[in-house]
Amino acid sequence: QVQLVESGGGLVQAGGSLRLSCAASGRTFSGYPMGWFRQAPGKEREFVAAISWRGGSTDYVDSVKGRFTISRDNTKNTVYLQMNSLKPEDTAVYHCAVGIVGSGTSRYTEAYRYWGQGTQVTVSS
């Protein structure tokens, strides 16, 4: 059974940093694109970042460009999201997701097949 477990969330002051991790189990995802999404209370789930299966291609929503970095370690079946210069508007539950084998990165939730339960990130002002 495929399982994605996020960790690394928490409470941080504005300007601070957090590093999220997403460990996948149940199969090897080295051939799959992976992504991070977030959902704030009362809002729809929003694309944050995505990475190709080899890690050579990345994509970010404009609001996090220059502050967030997505990376992956296929030997550990893990994807990371380094978040710097955090802002209160970054507060949300962050979910990792696994795309479809052989496909490229995508900003659409429909392109992702497996999802984690999420980790809460709260940024205080």
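The structure under discussion appears in the preceding block.
Definitions and cut-offs
- Residues numbered from 1 in each chain as written.
- Predicted model: local features only at pLDDT ≥ 70, side-chain atom pairs only at ≥ 80, totals over all residues.
- Heavy atoms only, no water.
- Helix = DSSP H or I, 4+ residues; strand = E, 2+ residues; numbered from the N terminus.
- Rg over C-alpha atoms; globule rule 2.2 N^0.38 Å.
- Contact = heavy atoms within 4.5 Å.
- Areas by Shrake-Rupley, 256 points an atom, 1.4 Å probe, with all protein chains shown as cover.
- Lys, Arg positive; Asp, Glu negative; His and termini not counted.
- Charge placed at Lys NZ, Arg CZ, Asp CG, Glu CD.
- Pairing = 2+ DSSP bridges.
- Salt bridge = Lys/Arg side-chain N within 4 Å of Asp/Glu carboxyl O.
- Buried < 20%, exposed > 50% of the residue type's maximum accessible area, 1.4 Å probe, protein only.
- Core = buried A, V, L, I, M, F, W, Y, C linked by side-chain atoms within 4.5 Å.

## What about the overall build of the protein?
The number of helices and strands found in the protein is 0 helices and 11 strands. When the helices and strands of the protein are placed in sequence order, the string is β-β-β-β-β-β-β-β-β-β-β. Whereas a compact globule of 125 residues would reach a radius of gyration of roughly 14 Å, the protein reaches 13 Å, a difference of no more than 12%. Projecting the C-alpha coordinates of the protein onto the three principal axes gives extents of approximately 40 × 30 × 25 Å. Considering only residue pairs separated by 6 or more positions, the protein has 59% of its internal contacts joining residues 24 or more positions apart. Summed over its atoms, the accessible surface of the protein is roughly 6,400 Å², and 46% of this surface lies on carbon and sulfur atoms. Here the protein holds 13 positive side-chain charges and 9 negative ones, and the gap between their average locations is 6 Å.

## A look at the pairing of strand β3 (residues 18-25)
Across 5 bridges, the pairing between strand β1 (residues 3-7) and β3 is antiparallel. Looking at β3, one finds that S7 is bridged to S21. In terms of strand pairing, β3 meets strand β8 (residues 78-83) through 6 bridges, oriented antiparallel. In the strand pairing of β8, L18 is matched with M83.

## Thoughts on the pattern of salt bridges
The full count for this structure, using the stated rule, is 5 salt bridges. Residue R38 is joined to D90 by a salt bridge in which the shortest nitrogen-to-oxygen separation is 3.0 Å. Of this pair, R38 sits in strand β4 (residues 34-39) while D90 is found in the loop between β8 and β9 (92-99), placing the two residues 52 residues apart along the sequence. Residue classification places D90 among the buried residues on the basis of a relative accessible area of 1%. Among the ionic pairs, R67 bridges to D90, the shortest N-O distance being 2.8 Å. One end of the pair, R67, is in the loop between β6 (58-60) and β7 (68-73); the other, D90, is in the loop between β8 and β9, with 23 residues separating them in the sequence. Overlapping salt bridges, with partners in common, bring together R38, E46, R67 and D90 in one network.

## Some thoughts on the nonpolar core
Of all hydrophobic cores here, the largest spans 36 residues; its most connected members are W36, L81, M83 and Y94. Of all elements in the fold, only β3, β4, β5 (46-51), β7, β8, β9, β10 (112-115) and β11 (119-124) reach the threshold of two or more residues within this core. With sequence-adjacent residues up to four places away left out, L81 is seen in contact with L18, R19, L20, W36, V48, A49, F68, T69, I70 and Y94.

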